[in-house]
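Here are the chains, one letter per residue:
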Amino acid sequence: MVVYVDIAFLLNCLTDGAALYATGRLSGLPVGRRRLLAAALLGGTYGVLCVLPGWGALASLPLQAAAAAGLVWTAFGRRGLFLRQLLLFFILSCALSGALVAGGQILAGSGPAALSRLDWRVFFLAGGLCFAVLSLVFRGGARHAAAGQLCRCVLEYRGRRVSLTALLDTGHTLSDSLTGRPVITAYWAALEPLWMPEERAVLSRLERDGGPACLERLGAGFRLLPYRAVGVREGLLLCFPAERAVIDGRELGPVTVALSPMEVSEGAAALWGGEMGKGGGGYAA
């Protein structure tokens, strides 16, 4: 029984950790190693409890859904993207668990004949539901990925680093009129590893209070960036100077990062306009 518990713990840690890592990457958000490890360990512990005698009730669907929500919150802790991440994590967990079960039966000696005993009606029903959810909720991100418009973006600020997915948007021509630097527009919550605790508390109210009000409560380094967009004749975005930016391995040097109070795109946490000339003003997509 001890060996079985060890195996259950290890398999659940690996599957939950892999599913959470893939969830973060497909959502375009950074994946913190410590938070990911903590969530994987919690998932392994929950998996062990489910197989212990007298604890089988924990494996009920409502409690599994609650556990999945707890793991996603532990790994990412974001509000705006929570439901989308939870759906994606649930689908990936089901896929990984099914693959492990099938692989285990084949390796145990049943061979490929084990697949013939599957209830294919359940298989196609579950597959169809997963495809429908992915098509409805994540179709934008899949379209951008297929078009080659997604790229990895690394930003450094005050000695801290964050890696996220950026969408290459040629309509995003925003540039910094003060420094002449190009501008990357990013969802503020996706840059969470860069913030001090007090900054995180202020920025959490960015959508509600707006950039000018948040600027009054932030320290040095932040300022306002004017922009124009469709339906917005003139506005102000909170921004800060990143000491270093790398897009798909290409060094950009210092850039200005404008903070969006909400998601900028499905499957991407930032917008990047590509090569842009220096100049003032600019349009944000």
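Please refer to the structure placed before this passage.
Figured I'd write up the structure that's included with this text. (Residues numbered from 1 in each chain as written. Predicted model: local features only at pLDDT ≥ 70, side-chain atom pairs only at ≥ 80, totals over all residues. Heavy atoms only, no water.)

Let's talk about the overall build of the protein
Helices and strands together make up the secondary structure of the protein, namely 9 helices and 7 strands. Across the protein, contacts joining residues at least 24 apart in sequence account for 67% of those joining residues at least 6 apart. Carbon together with sulfur atoms contributes 66% to the accessible area of the protein, which is approximately 15200 Å² in total. (Helix = DSSP H or I, 4+ residues; strand = E, 2+ residues; numbered from the N terminus. Contact = heavy atoms within 4.5 Å. Areas by Shrake-Rupley, 256 points an atom, 1.4 Å probe, with all protein chains shown as cover.)

Thoughts on the packing of helix α2 (residues 33-51) against helix α3 (residues 61-75)
Two elements in contact, α2 and α3, have axes whose closest approach is 8 Å; the angle formed by their N-to-C orientations is 160°. One element, α2, and the other, α3, form an angle in the roughly antiparallel class. Between α2 and α3 lies a crossing whose hand is right-handed. Mapping the contact onto sequence places R35, A38, A39, L42, G43 and Y46 in α2 and L63, Q64, A67, L71, W73, T74 and A75 in α3. Classifying every residue of the contact of α2 with α3 by side-chain character gives 9 nonpolar, 3 polar and 1 charged. (Axes fitted to C-alpha atoms, helices over the stretch in contact; angles between N-to-C directions. Parallel < 35°, antiparallel > 145°, perpendicular 65-115°, else oblique. Left-handed = near helix turned anticlockwise from the far one by under 90°. Nonpolar A, V, L, I, M, F, W, Y, C, P; charged D, E, K, R; others polar.)

Some remarks on the pattern of salt bridges
For the structure on display, the rule yields 10 salt bridges. Between R158 and E199 there is a salt bridge whose closest N-O contact spans 2.6 Å. In this pair, R158 sits in the loop between β1 (150-157) and β2 (160-168) while E199 sits in helix α7 (residues 197-203), placing the two residues 41 residues apart along the sequence. Taking the relative accessible area as the measure of exposure, E199 reaches 7% and is therefore buried. Linking E251 and R244 is a salt bridge whose minimum nitrogen-to-oxygen distance equals 3.1 Å. (Salt bridge = Lys/Arg side-chain N within 4 Å of Asp/Glu carboxyl O. Buried < 20%, exposed > 50% of the residue type's maximum accessible area, 1.4 Å probe, protein only.)

Some remarks on the pairing of β1
Bridging between β1 and β2 involves 8 bridges; their strand directions are antiparallel. Its bridge partner being in β2, Y157 is matched across the sheet by R160. Hairpin connection of β1 to β2: 2 residues between the antiparallel strands, including R158 at a positive phi of 55°. (Pairing = 2+ DSSP bridges.)

Some thoughts on the nonpolar core
Counting 34 residues, the largest nonpolar core has L155, I184, L191, W195, F240, V257 and L259 as its most contacted members. Taken together, the elements giving at least two residues each to this core come down to β1, β2, β3 (183-187), α7, β5 (232-247), β6 (250-260) and β7 (270-272). It is β5 that provides the largest number of residues to this core, a total of 5 residues. In this view, L259 contacts A186, W188, L191, W195, L203, L206, F222, L237, L238 and F240; residues no more than four positions away in its chain are not counted. In this structure, A19, L20, A68 and L86 belong to the second largest nonpolar core, which totals 12 residues. (Core = buried A, V, L, I, M, F, W, Y, C linked by side-chain atoms within 4.5 Å.)

Observations regarding the packing of aromatic side chains
All chains considered together, the criterion is met by 5 aromatic pairs. For the pair F222 and F240, a centre-to-centre distance of 6.1 Å together with 55° between the ring planes defines the contact as tilted. One end of the pair, F222, is in the loop between α9 (211-215) and β4 (223-229); the other, F240, is in strand β5, and 18 residues separate them in sequence. On the accessibility criterion, F222 (8% relative accessible area) is buried. The exposure class assigned to F240 is buried, which follows from its relative accessible area of 1%. The rings of Y157, W195, F222 and F240 are connected pair by pair, giving a single aromatic cluster. (Phe/Tyr/Trp six-rings, centres within 6.5 Å; stacked < 30°, edge-to-face > 60°.)

Here's the deal with the environment of L87
Structurally, L87 is set in helix α4 (residues 82-110). Put simply, L87 and A69 are 18 residues apart on the chain and 9.4 Å apart in space, counted from C-alpha to C-alpha.

Quick notes on the pairing of β3
Taking burial as the measure, the 5 residues of β3 include 5 buried ones, the bulk of the element. Burial along β3 is two-sided: the residues V183, T185 and Y187 and I184 and A186 are all buried. Across 5 bridges, the pairing between β3 and β6 is parallel. The residue of β6 that forms the bridge with Y187 is S260. For β3 and β7, the ladder comprises 2 bridges, and the chain directions are antiparallel. Looking across to β7, one finds that A186 is bridged to A270.

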